[in-house]
Amino acid sequence: MRSPLIKLISVSFIFLVIVFLGCKKNKEEDLIPSNPPTNQNNELTPYTVTYPYYFPPLTIPESNPLTMEGIQLGRSLYYDPILSNNGQSCSSCHNSNSAFTTYDSNALAHINLGWSTYYLWNGSISGTLEDIMRFEVEDFFQTDVAKVNKSILYRNLFKKVYNVDTIKSQDIANALAQFFRVLNSTNSYCDQFFKHTYNFNSSQMNGFVIFNSEKGDCFHCHSLGLFTDNKFHNIGIDSIFNGVNLGRYNVTSNPNDIGLFKTPTLRNIELTAPYMHDGRFKTLEEVVEFYNSGVKYSSTLDPIMTKNDKLTNGLNLTTQEKQDLVAFLKTLTDSSFIHNPLLQKP
Amino acid sequence: MKNKFIKSLVLVSSIIFTLSSCKKDAIDDNPAPLFTKATLNINVLANNNKVIWDSINYINASGNKYSLRTINFYISDIAMKRKDGFIHKLNKVFYIDPAKSESSQITIDSLLRGDYEQISFLVGLNPQINIDYGLESTVDNLNMAWPTMMGGGYHFIKVEGHYLDSAGLRKGFAIHLGKNENLVNIEINKLMLQQKSENNYSLDFEINEIFANPYLYDLNIEKTYTMSDSLSMSKIKTNMQDAFTINQTN
């Protein structure tokens, strides 16, 4: 039988422990991550995207962490006409040999879109890759999700990757987003030049200088690294606008946005003809000549495009300088990207 | 008797321990904090009004009617000087894009309480970081890069828009500053009372000032694209010295 004193000491000790824990709680809460990882499935293999130091950090939502299995699932969906009701898949218009677009199409190439926040030429969809993929699934393809659910293969894969018994359109979008986050071109000749493993010839070097100086003034919109500023500009291809040529205006209804389009990346530009939002230029030479002498005036023309009397005198590039600029643009071709077996049809 | 004494001792000890272990929370209620917070709300103004983008509403000292489309700049090396000579330095770089509200506020934490009489900062980046990839490669920083063949580093500021030329034709202008010699050092002498735990200031940047005082910068006469023109950049740099004002708002 315990004495009253021992009882009292025991009770007091428990009281003190409770008090101590009560006061400690706040400190423990500080240690809890504000956004704990959602994917706790140990069977999945985490995947880390690598890219050069001159690329911005790639944002990956904590709700959709990259895994080998998730990327493979997205890759299968990318090449599978099951997404559509007309036999088309993403790859029907975005072929790897054409840097994930299609020759003779003005579809924007699927390159480095993990660093974008606006999608499509007029930026009608904004947000994360998960957002644009949901648009592709629900609006563009109008995917019959029931059809995907009938596939035992996909049901098993989605169960493994996302632990879902019934596949929803957002699950499909998430898997596609994972694949898009690895559709990255980071090893062009130009990248190798930056890494000092490739030497530009004199024409390419001259083109690089024109690109990155006031002479050509390409760098203000096609910033080195991503080769896009992810913004919207009216570069002067039209002076009168209607229909699709109204560009960003069709999204915002702001008259100041008439004729503005998203700056496309120039990576693999050699492979993504034709050019501009309506594919009006068939060759890079035509594009360079447009910038050299064809800029048209309108009230929303980007301030940079009227620089140094561009409108009246153009860039005044010589024939050789125009060839040099094209030679430089072709150094943005990344054969390791377009031939990467991990990005091809499974 | 002995038991009663021990009982009382244990009880009193528990109460003292309880009170002392939770005492820390009470510090937060101190009415005269040692450390304070200063929040600078950056307002870009034209003709004393908050900028309305792409609207040819503004008139500079030369009478040029103009609009604004893009304003991006860096503020760095902020220092606040207290009356007793103490200087609080903030070794940080802030990218300001007034079109994005989230980038228009600077918070200075752990500022010693007191009356401050001067704030200084750079519009741009000091030479140690004004080098290629001297900043983290964010999308914004990449867009501010100043090409290597033109000196490297970053644009300190971009102000772009349209103006009506003497014939009434809408033309573009792009006032860009970069290169170490064009770093803008701002010093504002103003009493800032950092007495409360949180203090707010309005840091106003009047765009019209870059076109006036001491140099009248007439867009019909001067270079409308400054990037490759040292003289133009030098004039803009000098004009910017008094383009900022600060006012305490609480």
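Cut-off values and rules
- Residues numbered from 1 in each chain as written.
- Chains lettered and ligands numbered in written order.
- Predicted model: local features only at pLDDT ≥ 70, side-chain atom pairs only at ≥ 80, totals over all residues.
- Heavy atoms only, no water.
- Helix = DSSP H or I, 4+ residues; strand = E, 2+ residues; numbered from the N terminus.
- Buried < 20%, exposed > 50% of the residue type's maximum accessible area, 1.4 Å probe, protein only.
- Contact = heavy atoms within 4.5 Å.
- Areas by Shrake-Rupley, 256 points an atom, 1.4 Å probe, with all protein chains shown as cover.
- Axes fitted to C-alpha atoms, helices over the stretch in contact; angles between N-to-C directions.
- Parallel < 35°, antiparallel > 145°, perpendicular 65-115°, else oblique.
- Left-handed = near helix turned anticlockwise from the far one by under 90°.
- Core = buried A, V, L, I, M, F, W, Y, C linked by side-chain atoms within 4.5 Å.
- Domains from an automatic or database assignment.
- Buried area = accessible area lost by both parts, 1.4 Å probe.
- Arc of directions from axis to C-beta.
- Pairing = 2+ DSSP bridges.
- Phe/Tyr/Trp six-rings, centres within 6.5 Å; stacked < 30°, edge-to-face > 60°.
- Patch = residues over 30% accessible without salt bridge, like charges linked within 9 Å, V, L, I, M, F, W, Y side chains within 5 Å.
- Salt bridge = Lys/Arg side-chain N within 4 Å of Asp/Glu carboxyl O.

Draft legend 1. Region of interest: the overall build of chain B. Looking only at helices and strands, chain B features 3 helices and 13 strands. Per-residue burial over chain B gives 50% buried out of 250 residues. For chain B, restricting intrachain contacts to residue pairs at least 6 apart in sequence, the fraction spanning at least 24 positions comes to 70%. With an accessible surface of roughly 11900 Å², chain B has 53% of that area assigned to carbon and sulfur atoms.

Draft legend 2. Here's a closer look at the packing of helix 11 (residues 284–293) of chain A against helix 13 (residues 319–330) of chain A. Residues and elements named next belong to chain A. Close contact between helix 11 and helix 13 brings their axes to 10 Å; oriented N to C, the two are set at 125°. Taken as axis vectors, helix 11 and helix 13 run oblique relative to one another. Here the hand of the crossing between helix 11 and helix 13 comes out right-handed. Along its contact with helix 11, which presents Leu-284, Glu-285, Val-288, Glu-289 and Asn-292, the element helix 13 presents Lys-322, Leu-325, Val-326, Leu-329 and Lys-330.

Draft legend 3. Up close: the nonpolar core. Of all hydrophobic cores here, the largest spans 79 residues; its most connected members are Leu77(A), Tyr78(A), Phe158(A), Ile172(A), Leu176(A), Phe211(A) and Leu329(A). Two domains share this core, each providing at least three of its residues, namely domain 1 (68–185) and domain 2 (187–335) of chain A. Apart from residues lying up to four places away in sequence, Ile172(A) is in contact with Leu77(A), Leu83(A), Val137(A), Thr143(A), Val145(A), Val148(A), Phe158(A) and Ile167(A). Counting residues in hydrophobic clusters, the runner-up holds 61 residues, among them Ile42(B), Tyr66(B), Leu90(B) and Leu177(B).

Draft legend 4. Highlighting the domain arrangement of chain A. Residue and element names in this part refer to chain A. What the domain assignment reports for chain A is domain 1 (68–185) and domain 2 (187–335). Averaged C-alpha coordinates put domain 1 and domain 2 at centres separated by 28 Å. On the side of domain 2, 23 residues touch domain 1, which itself brings 24 residues to the contact. Buried surface at the junction of domain 1 and domain 2, summed over both partners, amounts to about 1800 Å²; 58% is from carbon and sulfur atoms. If you sort the residues of domain 1 by the area they bury against domain 2, Trp-121, Asn-122 and Ser-185 come out on top, with a joint share of 34%.

Draft legend 5. Here's a closer look at helix 3 (residues 230–240) of chain B. Residues and elements named next belong to chain B. Within the span of helix 3, buried status applies to Ser-232, Met-233, Lys-235, Ile-236, Asn-239 and Met-240. Down the axis of helix 3, the sector holding all buried residues measures 160°, keeping them to one side. The inward-facing, buried residues of helix 3 abut strand 8 (114–123), strand 9 (155–164), strand 10 (170–178), strand 11 (184–194), strand 12 (198–206) and strand 13 (244–248).

Draft legend 6. Region of the structure containing unusual backbone geometry. For the bond from Ala273(A) to Pro274(A), the omega torsion is 0°, close enough to zero to count as cis. Position of Pro274(A) relative to the elements: it lies in the loop between strand 4 (261–262) and helix 11. Even without being a glycine, Leu120(A) presents a positive backbone phi close to 75°. Mapped onto the secondary structure, Leu120(A) falls in the loop between strand 1 (118–119) and strand 2 (125–126). A relative accessible area of 31% places Leu120(A) in the partly exposed class. Phi is positive for Asn213(B), close to 65°, though the residue is something other than glycine. With respect to the helices and strands, the residue Asn213(B) is situated in the loop between strand 12 and helix 3.

Draft legend 7. Representation of the pairing of strand 10 of chain B. All names here are of chain B. With 8 of its 9 residues buried, strand 10 lies for the most part within the structure. Bridge analysis of strand 9 against strand 10 gives 9 bridges, and the strand direction is antiparallel. Counterpart to Tyr-163 in the pairing with strand 10 is Lys-171. Counting the residues between successive antiparallel strands, the hairpin from strand 9 to strand 10 contains 5 residues, one of them, Gly-168, with a positive phi of roughly 85°.

Draft legend 8. Summary view of the packing of aromatic side chains. All chains considered together, the criterion is met by 41 aromatic pairs over all chains. Both rings, one in Tyr78(A) and one in Phe100(A), keep their centres 6.2 Å apart while their planes meet at 70°; by these two values the pair is edge-to-face. Here the residue Tyr78(A) occupies a position in helix 2 (residues 68–78), and Phe100(A) occupies one in the loop between helix 3 (90–93) and strand 1, the gap between them amounting to 22 residues. Of the two residues examined, Tyr78(A) and Phe100(A), each falls in the buried class. Where Phe73(B) meets Phe205(B), the ring centres are 5.4 Å apart and the plane angle is 75°; that geometry is what we call edge-to-face. Within this pair, whereas Phe73(B) is found in strand 5 (residues 70–82), its partner Phe205(B) is found in strand 12, the two being separated by 132 residues in sequence. Accessibility expressed as a relative area gives 0% for Phe73(B), which makes it buried.

Draft legend 9. Summary view of a nonpolar patch on the surface. Together, Met205(A), Val209(A) and Met149(B) make up an exposed nonpolar region whose accessible area comes to about 200 Å². Along the chain, the position of Met149(B) falls in the loop between helix 2 (139–143) and strand 9.

Draft legend 10. Examining the pattern of salt bridges more closely. All names here are of chain A. Under the criterion given, the structure shown has 14 salt bridges over all chains. In this structure, the salt-bridge partner of Glu-130 is Arg-181, at a minimum N-O distance of 2.8 Å. Here the residue Glu-130 occupies a position in helix 4 (residues 129–140), and Arg-181 occupies one in the loop between helix 7 (169–180) and helix 8 (189–194), the gap between them amounting to 51 residues. Given the relative accessible area of 2%, Arg-181 is considered buried. The salt bridge involving Asp-278 is made with Arg-280; its shortest N-O contact spans 2.7 Å. Owing to a relative accessible area of 30%, Asp-278 belongs among the partly exposed residues under this scheme. Members of the salt-bridge network, linked through shared partners, are Asp-238, Asp-278 and Arg-280.

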